[in-house]
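Chains, contacts and geometry: an overview
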Amino acid sequence: LKRSAWLAPVPQRLNSGLPVNIGVLFVPQQEAWVVERMGKFHRILEPGLNFLIPLLDRIRYVQSLKEIVINVPEQSAVTLDNVTLQIDGVLYLRVMDPYKASYGVEDPEYAVTQLAQTTMRSELGKLSLDRVFRERESLNASIVDAINQASDCWGIRCLRYEIKDIHVPPRVKESMQMQVEAERRKRATVLESEGTRESAINVAEGQKQAQILASEAEKTEQINKAAGREANALLVKARAKAEAIQLLAAALAQQHGSAAASLSVAEQYVSAFSKLAKDSNTLLLPANTGDVTNMVAQALGIYATLTKPQGKAQEEELHPPAREEPQPPAEEVLQAEQARSS
């Protein structure tokens, strides 16, 4: 139904228009009919059978209690970083109070749509472009809260708000595409480098373990070989020394063996003093180094003491012989001894 130009248009929820009062009315489910009696609000008809007085009662508004879907037209909005976006959405509403929806606002759907657009622009102005794409859910929730605060006196409740499309300017879209490609290349490079690093670490660890095991095996082998060689060498040396001692004892047991041994000891004693200055600069020499006769006598005395029988040595220790003053040797004997030592 259409009214004259001087009256405000009446919202029509049904295609068939407002029902006519014939006295007996059947209200469909999920609808609320607002009845006026002589131009004043009378009551709201419930679903089912209802009776009205013709000519006095008039059905003024028909409100649908179902969830209503409204397309929010596309509009431009500027983000926090001064990027202009074209954005639209879908609004889901439900009439909670038919009386407020009929008398609280002239066109509730239009009012809610305008409120959604203004709220969307204000919320987008608080976010940067990157956050708009990441925080769409929080943006939708903020728009729903703002609409519910304003539409409470209209008897309408906003259930959901969903952003359908966000159109970005072509240049900004190209830069975003380049940024995405650069980020993906960076991630690919990082992943490849991490794979190479882990591979190198694994190879190095394997080589390290292999070298450690090889060195331990070689060490064990060398220890075993050395132990075997050293043991054999000690046995051979001990056997050779035992045979040498047996041969020396046999030689000493023969005639004139002691004299030969004495001569050998004297020669070795004199030779030891001739080699002292060859190994080091620091020497410890006896006081009578120039007296060759005395040195030879000392060597022979040491050998005689070592070769003396055990019993005789103990007896001499208990009863030492009287000490005789050494007499200087004759000149001929001294010359003969020097000739022999040279």
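Rules and cut-offs
Residues numbered from 1 in each chain as written. Predicted model: local features only at pLDDT ≥ 70, side-chain atom pairs only at ≥ 80, totals over all residues. Heavy atoms only, no water. UniProt positions renumbered as here; feature names shortened; annotations may be inferred. Salt bridge = Lys/Arg side-chain N within 4 Å of Asp/Glu carboxyl O. Helix = DSSP H or I, 4+ residues; strand = E, 2+ residues; numbered from the N terminus. Buried < 20%, exposed > 50% of the residue type's maximum accessible area, 1.4 Å probe, protein only. Phe/Tyr/Trp six-rings, centres within 6.5 Å; stacked < 30°, edge-to-face > 60°. Pairing = 2+ DSSP bridges. Axes fitted to C-alpha atoms, helices over the stretch in contact; angles between N-to-C directions. Contact = heavy atoms within 4.5 Å. Parallel < 35°, antiparallel > 145°, perpendicular 65-115°, else oblique. Left-handed = near helix turned anticlockwise from the far one by under 90°. Nonpolar A, V, L, I, M, F, W, Y, C, P; charged D, E, K, R; others polar. Core = buried A, V, L, I, M, F, W, Y, C linked by side-chain atoms within 4.5 Å. Patch = residues over 30% accessible without salt bridge, like charges linked within 9 Å, V, L, I, M, F, W, Y side chains within 5 Å. Areas by Shrake-Rupley, 256 points an atom, 1.4 Å probe, with all protein chains shown as cover.

The name given to the chain in an unreviewed UniProt entry is Stomatin-like protein 2, mitochondrial, with Geococcyx californianus as the source organism. What UniProt records for the chain under Sequence similarities (unreviewed entry) is the sentence "Belongs to the band 7/mec-2 family."

If you walk through the whole model with that rule in mind, you get 6 salt bridges. Among the salt bridges present, the one from Arg-37 reaches Asp-57, with a minimum N-O distance of 2.5 Å. Here the residue Arg-37 occupies a position in strand S2 (residues 31-37), and Asp-57 occupies one in strand S5 (residues 57-64), the gap between them amounting to 20 residues. Note on Asp-57: relative accessible area 3%, which makes it buried. Several salt bridges share partner residues, and in doing so they unite Glu-67, Arg-94 and Arg-160 into one network.

Bringing the packing of aromatic side chains into the picture now. This model, assessed by the stated rule, comprises 4 aromatic pairs. Judged by centre distance (4.9 Å) and plane angle (65°), the rings of Phe-41 and Tyr-99 are edge-to-face. Of this pair, Phe-41 sits in strand S3 (residues 40-45) while Tyr-99 sits in helix H1 (residues 98-103), placing them 58 residues apart in sequence. Using a relative accessible area of 32% as the deciding quantity, one classes Phe-41 as partly exposed. Taken together, the ring pairs connect Phe-41, Tyr-61, Tyr-99 and Tyr-103 into an aromatic cluster.

This part takes up the sheet that holds strand S7 (residues 84-95). The strands making up a sheet associate through backbone hydrogen bonding, with each pair oriented either parallel or antiparallel. Spatial ordering of the open sheet is given by S6-S7-S8, a layout of 3 strands whose pairing is antiparallel. The open sheet has two edge strands, strand S6 (67-78) and strand S8 (156-167), and neither has a second partner. The average undirected angle you get between the axes of adjacent strands in this sheet is 20°. Alignment of S6 against S7, held across 10 bridges, turns out to be antiparallel. Its bridge partner lying in S7, Ile-68 is registered against Leu-93. Packed on one face of the sheet, helix H2 (residues 108-124) meets S6, S7 and S8 and runs near 40° to S6. Each of S7 and S8 is contacted by helix H4 (residues 136-151), which is oriented at about 140° to S8, the strand it contacts most.

Read across the open sheet, the 3 strands follow the order S3-S2-S5; overall the sheet is antiparallel. Since the sheet does not close on itself, it has two edges, and those belong to S3 and S5, each with one partner. Each strand axis lies, on average, 25° off the axis of its neighbour in the sheet, ignoring direction. Relative to S5, S2 is paired through 7 bridges, and the arrangement is antiparallel. Residue pairing for S5: Val-34 is matched across the bridge by Tyr-61.

Right, let's get into the packing of H2 against H4. Working note: a packed helix pair is described by the angle between its axes plus the distance between those axes. Put simply, H2 and H4 touch, their axes get as near as 9 Å, and they point 135° apart. By the angle class used here, H2 and H4 are oblique. Crossing geometry of H2 relative to H4 is assigned as right-handed. On the side of H2, the interface is formed by Val-112, Leu-115, Ala-116, Thr-119, Met-120, Glu-123 and Leu-124, while H4 contributes Leu-139, Ser-142, Ile-143, Ala-146, Ile-147 and Ala-150. Its residues assigned to classes, the contact of H2 with H4 comprises 10 nonpolar, 2 polar and 1 charged.

In this structure, Gln-30 is a non-glycine residue whose phi angle is positive, near 65°. Among the secondary structure elements, Gln-30 is positioned in the loop between strand S1 (24-27) and S2. For Leu-55, which is not a glycine, the phi torsion comes out positive at approximately 70°. The topology assignment puts Leu-55 in the loop between strand S4 (48-51) and S5. Looking at Leu-55, the relative accessible area reads 88%, which means it is exposed.

Membership of the largest hydrophobic core comes to 32 residues, with the highest contact counts inside it found for Leu-91, Leu-93, Ile-147 and Tyr-161. Of all elements in the fold, only S6, S7, H2, helix H3 (129-134), H4 and S8 reach the threshold of two or more residues within this core. Looking at this core, the element that brings in the most residues is H2, giving 6 residues. Setting aside residues up to four positions removed in sequence, Ile-147 forms contacts with Leu-91, Val-112, Leu-115, Ala-116 and Cys-158. Counting 9 residues, the second largest nonpolar core, distinct from the first, contains Val-27, Trp-33, Leu-52 and Ile-59.

Among the surface-exposed residues, Val-24, Phe-26, Leu-49 and Phe-51 lie close enough to one another that they form a single nonpolar patch of about 430 Å² accessible area. Counting only elements with at least two residues in the nonpolar patch, the list comes to S1 and S4. Here Val-24 is to be found in strand S1.

To continue, consider the environment of Ile-163. Within the secondary structure layout, Ile-163 lies in strand S8. For Ile-163, a relative accessible area of 7% gives the class buried. In this structure, the C-alpha to C-alpha distance between Ile-163 and Asp-88, residues 75 residues apart in sequence, is 6.0 Å. Setting aside residues up to four positions removed in sequence, Ile-163 forms contacts with Ile-87, Asp-88, Gly-89, Arg-136, Leu-139 and Asn-140.

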